[in-house]
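Commentary on secondary and tertiary structure
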Amino acid sequence: MNRSHNCKPHTAGFMLIEIALVIVVLAIILGPILHLLAGQQQKNQTTHELSSKQRIAEAVEGFILATGRLPCPALQAGGQESRTGDACTRAEGWLPNATLSTWGLSGNWKMAVATLESAGEPAQNTLVSTQPFEQLSPQQLAEIVMAPFTTNHSAGTGPLPAIHLCQSVAGQTLPTNTQPGCGAHTLLSATAVWVAYPVVTNSGTSDHSINQNRFQQFFIDPEQTTQNPVWISFERMNWLWMKRGALDPIAYSGESN
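Residues numbered from 1 in each chain as written. Predicted model: local features only at pLDDT ≥ 70, side-chain atom pairs only at ≥ 80, totals over all residues. Heavy atoms only, no water.

1. A short note on the overall build of the chain
Secondary structure summary: the chain contains 5 helices and 8 strands in total. In sequence order, the secondary structure elements of the chain are arranged as α-β-β-β-α-β-α-β-β-β-β-α-α. When burial is assessed residue by residue, the chain has 39% of its 257 residues classed as buried. By sequence separation, contacts in the chain at least 24 residues apart represent 61% of the contacts at least 6 residues apart. (Helix = DSSP H or I, 4+ residues; strand = E, 2+ residues; numbered from the N terminus. Buried < 20%, exposed > 50% of the residue type's maximum accessible area, 1.4 Å probe, protein only. Contact = heavy atoms within 4.5 Å.)

Structure below.
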């Protein structure tokens, strides 16, 4: 009787060792598998985010081909574009998913459109108008949007009519969303006319705050490819106008027979 009683602690000890060995073996086996699953999940998320950007660009270009103008922001997420007469209600807001039929995107998106407000009439709201060349010729509009300088300001620092795209420089302060230009950052383009940017990532836990609620300039971060904005340039819009038949390529280039 005493022998059988004395064997119980040894049996319990062996069981604990066996359990520990099983746990170690499972950790060795499952570790690489979990790592691969996490990597695949991140890859799938990145693919979805890049696909969302492509879908947005294609939807906006299709909208321009169909209507001859840029879409306006929506007042709420997933809504229709908001317009007053032949102009946008506001220059910055939510991506109009209901108007563009861009459902199932990665996260929520906002957008901004170049209203050309700083150029004044008759250029103001031309790019969102159903009749963009009613008062201006294509050449005149191009000169207004693509003018490299404004009074007392060099390129990338002044209140140019279109939206600035800037490459962020580490350690430099960002200009406020009410200041024109790139500030101390690198100007990439001064002729963007429509920009969309992600508000919340697919995980829903963080946002890319560098571009939140901007409408005059947007920043490209080389380290955040999926979180960078998608845009339409004035040059691209002109190509779409030509494809739509709204521009005569020969007349636009200034050539004549």
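Having put the structure on the table, let's press on.
2. Some words on the packing of aromatic side chains
Scanning all chains against the criterion turns up 3 aromatic pairs. Measuring from centroid to centroid gives 4.9 Å for Phe 133 and Trp 241, while their planes differ by 70°, and the two rings are edge-to-face. Taken as a pair, Phe 133 in the loop between strand 4 (109–113) and helix 3 (138–145) and Trp 241 in helix 4 (residues 234–244) lie far apart in primary sequence, 108 residues in all. With 5.4 Å between their ring centres and 40° between their planes, Tyr 197 and Phe 218 make a pair best called tilted. Residue Tyr 197 is found in strand 6 (residues 186–198), and its partner Phe 218 is found in strand 7 (residues 217–220); the two are separated by 21 residues along the sequence. By the burial criterion, Tyr 197 is buried, and Phe 218 matches it. Clustering of aromatic rings is evident, with ring pairs tying together Phe 133, Phe 234 and Trp 241. Of note, Lys 110 hangs over the ring of Trp 94, and the distance from its end group to the ring centre comes to 4.9 Å. (Phe/Tyr/Trp six-rings, centres within 6.5 Å; stacked < 30°, edge-to-face > 60°. Lys NZ or Arg CZ within 6 Å of the ring centre and 35° of its normal.)

3. Let's talk about unusual backbone geometry
Each neighbour pair has its own omega, and for Glu 121 with Pro 122 the value is 0°, a cis peptide bond. Within the secondary structure, Pro 122 sits in the loop between strand 4 and helix 3. Of note, the phi angle at Ser 101 is positive, near 60°, even though the residue is not glycine. Examined against the element boundaries, Ser 101 turns out to sit in the loop between helix 2 (97–100) and strand 4. You will see that Leu 116, though not glycine, has its phi angle at about 60°, which is positive.

4. Quick word on the confidence of the model for the chain
Detailed reading of the predicted coordinates is not advisable wherever pLDDT is low. The pLDDT averaged across the chain works out to 80; a share of 76% of its residues lies at or above 70. Taking the mean pLDDT of every element in the chain, the minimum, 48, falls on helix 5 (residues 249–252) and the maximum, 95, on strand 2 (residues 87–88). Scored below 50 in pLDDT, residues 201–207 makes 13 contacts in the model with residues more than four places away or belonging to other chains. Per-residue pLDDT stays below 50 along residues 250–257; that stretch engages in 9 contacts with residues further than four places along the chain or on separate chains. (pLDDT = per-residue confidence, 0-100.)

5. A closer look at helix 3
Inspection of helix 3 places Pro 138, Leu 141, Ala 142 and Val 145 among the buried residues, and these make up the whole buried set. Viewed end-on, helix 3 has its buried residues packed into an arc of 100°, placing them on one side of the element. (Arc of directions from axis to C-beta.)

6. Quick word on the environment of Ala 196
Its place among the elements puts Ala 196 in strand 6. Residue class for Ala 196 comes out buried when judged on its relative accessible area of 0%. Once the C-alpha coordinates of Ala 196 and Ala 112 are considered, the two residues, 84 residues apart in sequence, prove to be 6.5 Å apart. Excluding its chain neighbours within four sequence positions, the residues that come into contact with Ala 196 are Ile 56, Leu 95, Trp 109, Lys 110, Met 111, Pro 229 and Val 230.

7. What to know about helix 4
The set of residues buried in helix 4 consists of Phe 234, Met 237, Asn 238, Leu 240 and Trp 241. Down the axis of helix 4, the buried side of the element spans an arc of 160°, and every buried residue falls inside it. Of the residues trailing helix 4, Gly 245 is marked for its positive phi of about 95°.

8. Digging into the pattern of salt bridges
Two side chains of opposite charge can pair, provided their charged atoms sit close to one another. Scanning the entire structure with this criterion turns up 4 salt bridges. Here Arg 236 ties to Glu 61 by a salt bridge, and the two come within 2.7 Å at their closest N and O atoms. Of this pair, Arg 236 sits in helix 4 while Glu 61 sits in helix 1 (residues 2–67), and the two are 175 residues apart along the sequence. Arg 236 sits in the partly exposed class, given a relative accessible area of 33%. (Salt bridge = Lys/Arg side-chain N within 4 Å of Asp/Glu carboxyl O.)

9. Digging into the side chain of Ser 129
Here Ser 129 lies in the loop between strand 4 and helix 3. Looking at Ser 129, its side chain comes within polar contact range of the side chain of Asp 86, at 2.5 Å. From its side chain, Ser 129 meets the backbone nitrogen of Gln 131 in a polar contact 3.0 Å long. Here Ser 129 is in contact with Gly 68, Arg 69 and Asp 86, once residues within four sequence places are set aside. (Polar contact = N/O pair within 3.5 Å; in protein donor to acceptor, adjacent residues only side chain to side chain.)

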